[in-house]
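As a plain string of letters, each chain reads:
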Amino acid sequence: MRHEEGETAGPADSSEVLASDDLKQVVERVERLLIDRVMRRVKGNQSKGARTLYFSRGALIDKLKEYQVPDYRFLRRKRK
């Protein structure tokens with residue numbers, strides 16, 4: 001799941017996330033959405049993201065790879 005700058009991640013509303021009766025699938029979708037949202041908000045700063053999500057930085061890095069969350073560090077770059 002690759003995202004371009006300005007593209008939103010995930011479904012338009014929570015009903016799409018909760019459409020499945022498979023708890024594992026729902027938990028993974030919610031986790032992916034939250035991680036993506038937090039990483040966008042902290043502009044890709046893994047340490048801040050891990051603290052916000054109450055994960056270790058190593059666990060967050062594993063989740064970023066597992067869910068293929070984009071690298072939002074580009075949001076920190078100054079624009080000319």
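See the structure above.
Reading guide: rules and limits
- For every chain, the first residue of its written sequence is number 1, and the numbers climb from 1 along that sequence.
- In keeping with the model being predicted, local features are shown solely for residues with a pLDDT of at least 70 and side-chain atom pairs are shown and tallied solely at 80 or more, while totals for entire chains, interfaces and linings include all residues.
- The side-chain values count all of the structure's non-hydrogen atoms but skip hydrogen atoms and water molecules.
- Only DSSP runs of H or I with at least four residues qualify as helices, and only runs of E with at least two residues qualify as strands; both kinds are numbered from the N terminus onward.
- Think of it in three bands: residues with accessible area under 20% of the maximum for their type are buried, residues over 50% are exposed, and the middle band is partly exposed, with areas taken using a 1.4 Å probe on protein chains only.
- We call two residues in contact when some of their heavy atoms are within 4.5 Å.
- The method behind every accessible area is Shrake-Rupley, applied with a 1.4 Å probe, and residues are considered shielded solely by the protein chains displayed.
- The working definition used for a salt bridge is a side-chain nitrogen of Lys or Arg within 4 Å of a carboxyl oxygen of Asp or Glu.

A look at the overall build of the protein chain
Scanning the protein chain from terminus to terminus reveals 4 helices and 0 strands. Along the protein chain, helices and strands appear, N-terminal first, in the series α-α-α-α. Expressed as a percentage of the 80 residues in the protein chain, the buried residues total 26%. If you take every contact in the protein chain between residues at least 6 apart in sequence, the share linking residues at least 24 apart comes to 50%. As displayed, the protein chain has an accessible area near 6,000 Å², and 49% of this comes from carbon and sulfur atoms.

Here's the deal with the pattern of salt bridges
A side chain of one charge can pair with a side chain of the opposite charge when the charged atoms of the two come close. All chains considered together, the criterion is met by 2 salt bridges. The salt bridge partner of Lys63 is Glu31, with a shortest N-O separation of 3.1 Å. Taken together, the positions of Lys63 in helix H4 (residues 57–66) and Glu31 in helix H2 (residues 23–41) put the pair 32 residues apart, joining distant regions of the chain. Note on Lys63: relative accessible area 22%, which makes it partly exposed. For Arg73, the salt bridge goes to Asp71, with nearest N and O atoms at 2.5 Å. The class of Arg73 is partly exposed, set by a relative accessible area of 44%.

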